[in-house]
Amino acid sequence: MEPKAPQFSAYDFLGYLLPGLVLIALMDCSWLYHAKKAALSWEFMVARYSELSWNNAIPLALFGYFFGHAVSFMSGIVVEEHARLMHGSPASFIVREAKPSYFNCGKWGKGHLLANTVIVLMRAVVMLFMLPLTWIELLFTRVVPVFRRFNFPITRLLKRCLAAAEDRLLMEMGVKTQAGKPPGRSKDELHWGLGFERLALHYALEKAPAHLFTLRNYVVLYGFLRAMTFILLVVVWMIAGHLFAKQEFMSAARVLLIGGVIIAPSYGGFLKFWTRYHKEALMAFLASMAIRAENKGHAEGLIDP
């Protein structure tokens, strides 16, 4: 593939600019409510934002793009990390049964106690922030396993195809262990999901670039939905926080409950496209290896043109 000059893409708009502008609007509304004591009616908001012109559109877009990167970063370490801890990494659970444990940090022996304590506390904060969604997620993954539609492993035949493709690529690259042998497997364990998928994806993009458009679309969609999930969670917690401060605990609980239902489609869409991206990457790798095998067969006269 020939390198292209950097350009403003759909991912820049949906993944950064739009979430950044939404965050700016949220901060502006918060400032108006707290500092100006303004009544945030629909007519007031329309009148305020209809005053925007081309003179302030450029700096607003620059600030929005900057804040969009901040939102993308925060949503990555909160929303995506929560999804990984709850369901596992898509690169892994599409090829093997996943049994993730949210607070499993490995060994707790000497030298790991402080680090693991910090990790557990950070994960507890993430789970607390995701609380409006967590009860819905547990309902549809543990009680009614609807999300199994998105995170079930590939079929046995595709696993065999993947194992053959992995072995072929590693053999052609001349990859050897320290003992001079090809990388082995323990109980037919696939290399996919253990780091190999990064190499395989770049190989696929070189050999089967037709998949690039679909992969890019999935990245745009799941990045946008992940960012919007984070922003909506911030909104819900802000409203609930105001009600908690007024000691309206039942109203705050209802906001968290109903807010989770409203945010759930955005979060579910993120899970769907996040998983589809990794499945498409796997199929792109298999397709690229099939094309390579076909071309080699033609070259050697093993396949009729």
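None of the values given here were measured: they were computed from a predicted structure.

Asks: How should the packing of aromatic side chains be read in this particular structure?
Replies: Describing an aromatic ring pair means giving the distance of the ring centres and the angle of the ring planes. Considering all chains together, one arrives at 14 aromatic pairs under this definition. A ring pair is formed by Phe-129 and Phe-230, whose centres lie 5.5 Å apart and whose planes are at 40 degrees; its orientation type is tilted. Pair noted here: Phe-129 is in helix H5 (residues 113-129) and Phe-230 is in helix H10 (residues 212-245), with a separation of 101 residues, a long-range link. Using a relative accessible area of 12% as the deciding quantity, one classes Phe-230 as buried. Among the aromatic residues, those joined into a ring-pair cluster are Tyr-222, Tyr-267, Phe-270, Trp-274 and Tyr-277.

Asks: Teacher, can you tell me more about the nonpolar core here?
Replies: The nonpolar side chains of a soluble globular protein tend to be buried, and buried together. One finds Met-130, Tyr-267 and Phe-270 to be the most contacted residues of the largest nonpolar core, which totals 37 residues. Broken down by secondary-structure element, the contributors of at least two residues to this core are helix H1 (10-34), helix H3 (54-87), H5, helix H9 (196-207), H10 and helix H11 (249-299). It is H10 that provides the largest number of residues to this core, a total of 12 residues. With residues near it in sequence (within four places) discarded, Tyr-267 still touches Val-79, His-82, Ala-83, His-87, Met-130, Leu-133, Glu-137 and Thr-229. Within the second largest apolar cluster, 21 residues are counted, among which are Ala-163, Leu-170, Tyr-203 and Leu-282.

Asks: Would you explain the environment of Ala-38 in this entry?
Replies: Looking at where Ala-38 falls in the secondary structure, it is placed in the loop between H1 and helix H2 (42-49). The exposure class assigned to Ala-38 is buried, which follows from its relative accessible area of 16%. Once residues lying within four places of it in the same chain are set aside, the contact partners of Ala-38 are Leu-32, Tyr-33 and Phe-44.

Asks: What exactly am I supposed to notice about a nonpolar patch on the surface here?
Replies: A cluster of nonpolar side chains, contributed by Trp-135, Leu-139, Phe-140, Val-143, Val-144, Leu-257, Ile-258, Val-261 and Ile-262, occupies part of the molecular surface with about 800 Å² of accessible area. Contributing elements (two or more residues each) for the nonpolar patch: helix H6 (131-143) and H11. Position of Leu-257 relative to the elements: it lies in helix H11. Classification of Leu-257 as partly exposed rests on a relative accessible area of 46%.

Asks: Got a minute to help me understand the side chain of Glu-166 in this structure?
Replies: Turning to its location among the elements, Glu-166 is positioned in helix H8 (residues 156-173). Among the residues examined, Glu-166 registers a relative accessible area of 0% and is labelled buried. Dropping the residues within four chain positions of it, Glu-166 is found in contact with Arg-185, Leu-190, His-191, Trp-192, Phe-196 and Phe-285.

Thresholds, definitions, all that
Residues numbered from 1 in each chain as written. Predicted model: local features only at pLDDT ≥ 70, side-chain atom pairs only at ≥ 80, totals over all residues. Heavy atoms only, no water. Phe/Tyr/Trp six-rings, centres within 6.5 Å; stacked < 30°, edge-to-face > 60°. Helix = DSSP H or I, 4+ residues; strand = E, 2+ residues; numbered from the N terminus. Buried < 20%, exposed > 50% of the residue type's maximum accessible area, 1.4 Å probe, protein only. Core = buried A, V, L, I, M, F, W, Y, C linked by side-chain atoms within 4.5 Å. Contact = heavy atoms within 4.5 Å. Patch = residues over 30% accessible without salt bridge, like charges linked within 9 Å, V, L, I, M, F, W, Y side chains within 5 Å. Areas by Shrake-Rupley, 256 points an atom, 1.4 Å probe, with all protein chains shown as cover. Salt bridge = Lys/Arg side-chain N within 4 Å of Asp/Glu carboxyl O.

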